[in-house]
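Chain residues, written in single-letter form:
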Amino acid sequence: MATRNVVLTPHQEQVIHDLVQSGRYQNASEVMREGLRLLEQRVAEDTAKVEALRQATSIGIMDLEHVRFTQVNEEDLEHYLEGLSLEATLPAHEKH
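Here we summarise the structure given alongside this text. (Residues numbered from 1 in each chain as written. Predicted model: local features only at pLDDT ≥ 70, side-chain atom pairs only at ≥ 80, totals over all residues. Heavy atoms only, no water.)

### Structural notes on helix α2 (residues 28-65)
Count 3.6 residues to each turn of an α-helix, and residues three or four apart come out pointing the same way.
Stage number 1. In this model, α2 (38 residues) spans 55 Å end to end at C-alpha, consistent with the 56 Å of a helix rising 1.5 Å per residue.
Stage number 2. Backbone geometry just after α2 places V67 at a positive phi near 55°. (Helix = DSSP H or I, 4+ residues; strand = E, 2+ residues; numbered from the N terminus. Expected span 1.5 Å × (residues − 1).)

### Side note on the environment of Q55
Stage number 1. With respect to the helices, strands and loops of the structure, Q55 is situated in helix α2.
Stage number 2. The class of Q55 is partly exposed, set by a relative accessible area of 47%.
Stage number 3. Sequence separation of Q55 and E65 is 10 residues, and the distance between their C-alpha atoms is 15 Å. (Buried < 20%, exposed > 50% of the residue type's maximum accessible area, 1.4 Å probe, protein only.)

### As for the layout of surface pockets
Stage number 1. If you add up the space inside the largest pocket, you get close to 250 Å³.
Stage number 2. Forming the walls of the largest pocket are M1, A2, T3, R4, V6, S29, M32, R33 and L36.
Stage number 3. Considering only residue class, the lining of the largest pocket consists of 5 nonpolar, 2 polar and 2 charged. (1 Å grid on protein atoms, 1.4 Å probe; cavity = no way out; pocket = protein on both sides within 12 Å on 5 of 7 lines; lining within 4 Å. Points joined across faces, edges and corners; volume = space filled by probe spheres on them. Nonpolar A, V, L, I, M, F, W, Y, C, P; charged D, E, K, R; others polar.)

Structure (structure tokens):
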């Protein structure tokens, strides 16, 4: 395995020490590898969220271009959103 030198703050060093002392990890390397696994997971999740937002934006733009939208004035917005919320909680067979 590759060896790296890293500079840690006193707080980070204490976190590693406490985790090893708790018995959850055998050594600092295990703690660091777990941290990197979690970071990898978070980056993958963030990437998936960004892609989902891009797709939703693309769909929204296409809907606007094809005039597939409902225009709601400010006075009716709260009522409209309540209706959407209610519809979202209905079982599939009860939706229009």
